[in-house]
Amino acid sequence: MGTMQTRTSWQVTRSVWFAMFMREAVTRTTTDRLGWFWMIAEPVAMIAILVIIRGFIDGGKLIMGASFVPWMITGMMGFYLVRDGMSRSQGAINANRALFAYRQVQPVDPVLVRVFLEGMLRTFVFLLFVLGGLLLGLDIFPDNALFALFGWISLWTLGLGLGLVISVTGTLVPETAKIINMISFPLLIISGVIMPLHILPHYLLKYLMFNPIAHGLELLRLGFFSSYKVVHGTSEIYLWLCILALNALGLLMQLRFKDRLKAQ
Amino acid sequence: MIKIQNLYKRYNSRDGTVNDWVLKNINLIIPKNMNVGLVGRNGAGKSTLLRLISGMDSPERGKVERQCRVSWPIGLSGGFQGSMTGRQNVKFVARVQGGGLNVQRIIDYVEDFADLGSAFDHPIKTYSSGMRARLNFGLSLAFDFDVYISDEAIAVGDRTFKNKASKAFKDKVGQSSLIIVSHAEGILKELCQAGIYLKNGQANWYDDVNDAIKAYHQEAHP
């Protein structure tokens, strides 16, 4: 049957990733019938609600150098990119447990593949929103597309790092899943998705800026609106230190707990 | 050839208590082209040993050297993702094993061999254990492994499938060998030359499978 020579580790890994990607892509888009719908409806609903609220409190004037709706779309899309990296990798290992019967498949593979797939879907949805926004006459065309891309990829890798860590803790200690779901909404607020952070007093902001997501969102917005005033304290260096630390920690944990993740 | 050196394995509980060794200081050399039957009581560590040989699990101490292509443990459970159809699972495994351009040929072969009819396109979770084992068995035969590892898989299925299965293995004599766990001693005697008897975490090698079965009987009826 199959002509099979000895393969190098890299070839094996690549074929596992390919097989896993095709499998996840099919499941993601076919079994979850409303998956596509929600991916677009959730941000639309969120934006609609906030635009209505804004009519009352007029928060739009607080954002310097960008108009409210494009500002919020970019922030929300960036936030969902990170959030989905976390939430989709939580279940990645358990969902693919049966496939660890093949020694080629390692627990880290479904996590990497899911974060990649989720990011691709989110990128596509984001492009749809940008296109839709442009057709509606919003000022959402990136002023500095390369910098916006850099911000987007930073958020993507941040989601990957968080996903790598959470997939291990979520599988070994199932209670973490509850905590992650619980902090998801507060995180949306303190990351400055719907409300600009700079209206907060300095003593509070000092602590909120430990959250790397806020840095990523500000940088993404700066890529879109070149006149945008980022929140005081935004730093690429801090963001990327967090990203590298989380990714390193996540990979180490995957390596350290490999056997327990498989056996669980 | 498969070389097992100073192999130790135990499953520790999550609360940190240390359990007894399931396998204790196992040293074995399984020669090329020799079919081996594994016997022992329930819980003696037969499936654990198979998992370690196939590389699905890693030992706590010692090592397993595989100088040949070894299959996954073909058994009644595991190896398939319940929500995917039989075809999707086969496609996944074919890709993982590096099927490349042969993926379609492998799928056709498995579909024909497992002979599941329309169930091949239904989710695995709707399968009976016999259907699962047939699919798993057919799938493993689609690849040219040097050693096939079977955990109670050959004994399943109806009469026609059993005949088909043992014929498929007899066709492979000379190219590949078998390591099987089975409580059906007729199958062990028919297919295997050598035997391994597992008792209290220790493995004893017998050049003749009949001696291994005899030793096992002595434990059961002293």
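Everything below is about the structure printed above this text.
Predicted, not measured: the structure shown is a model, and the values here were computed from it.

Caption draft 1: Spotlight on the overall build of chain A. Regarding its fold elements, chain A presents eleven helices and zero strands. Counting helices and strands in the order they occur from the N terminus, chain A gives α-α-α-α-α-α-α-α-α-α-α. Expected size for 264 residues packed as a compact globule is a radius of gyration near 18 Å; at 20 Å, chain A falls within 12% of this value. Taken along the three principal axes of its C-alpha coordinates, chain A extends 65 × 40 × 30 Å.

Caption draft 2: View of the nonpolar core. Counting residues in each nonpolar core, the largest one holds 112 residues, and the members touching the most others are V82 of chain A together with L38, I53, V110, I179 and I180 of chain B. Setting aside its immediate chain neighbours within four residues, V110 of chain B contacts V90, G138, L139 and A142 of chain B.

Caption draft 3: Fine view of helix α7 (residues 175–190) of chain A. Residues and elements named next belong to chain A. If you check α7, its first and last C-alpha atoms are 23 Å apart, about what 16 residues at 1.5 Å a residue would give, namely 22 Å. Where α7 bends most, at S184, the angle is about 40°, and the proline P186 comes one to four residues later. The buried count for α7 comes to zero of 16 residues, which makes it a mostly uncovered element.

Caption draft 4: Main features of the interface of chain B and chain A. Each side of the interface is counted separately: chain B has 28 residues, and chain A has 24 residues. Those elements that provide at least two residues to the side of chain B that touches chain A are α2 (86–96) and α3 (103–114) of chain B. Split by residue class, the side of chain B that touches chain A holds eleven nonpolar, 13 polar and four charged.

Conventions used here
- Residues numbered from 1 in each chain as written.
- Chains lettered and ligands numbered in written order.
- Predicted model: local features only at pLDDT ≥ 70, side-chain atom pairs only at ≥ 80, totals over all residues.
- Helix = DSSP H or I, 4+ residues; strand = E, 2+ residues; numbered from the N terminus.
- Rg over C-alpha atoms; globule rule 2.2 N^0.38 Å.
- Core = buried A, V, L, I, M, F, W, Y, C linked by C-beta atoms within 7 Å.
- Buried ≥ 20, exposed ≤ 12 C-beta atoms within 10 Å, placed from the backbone.
- Contact = placed C-beta atoms within 7 Å.
- Expected span 1.5 Å × (residues − 1).
- Bend = angle between axes of the 7 residues up to and from the residue.
- Nonpolar A, V, L, I, M, F, W, Y, C, P; charged D, E, K, R; others polar.

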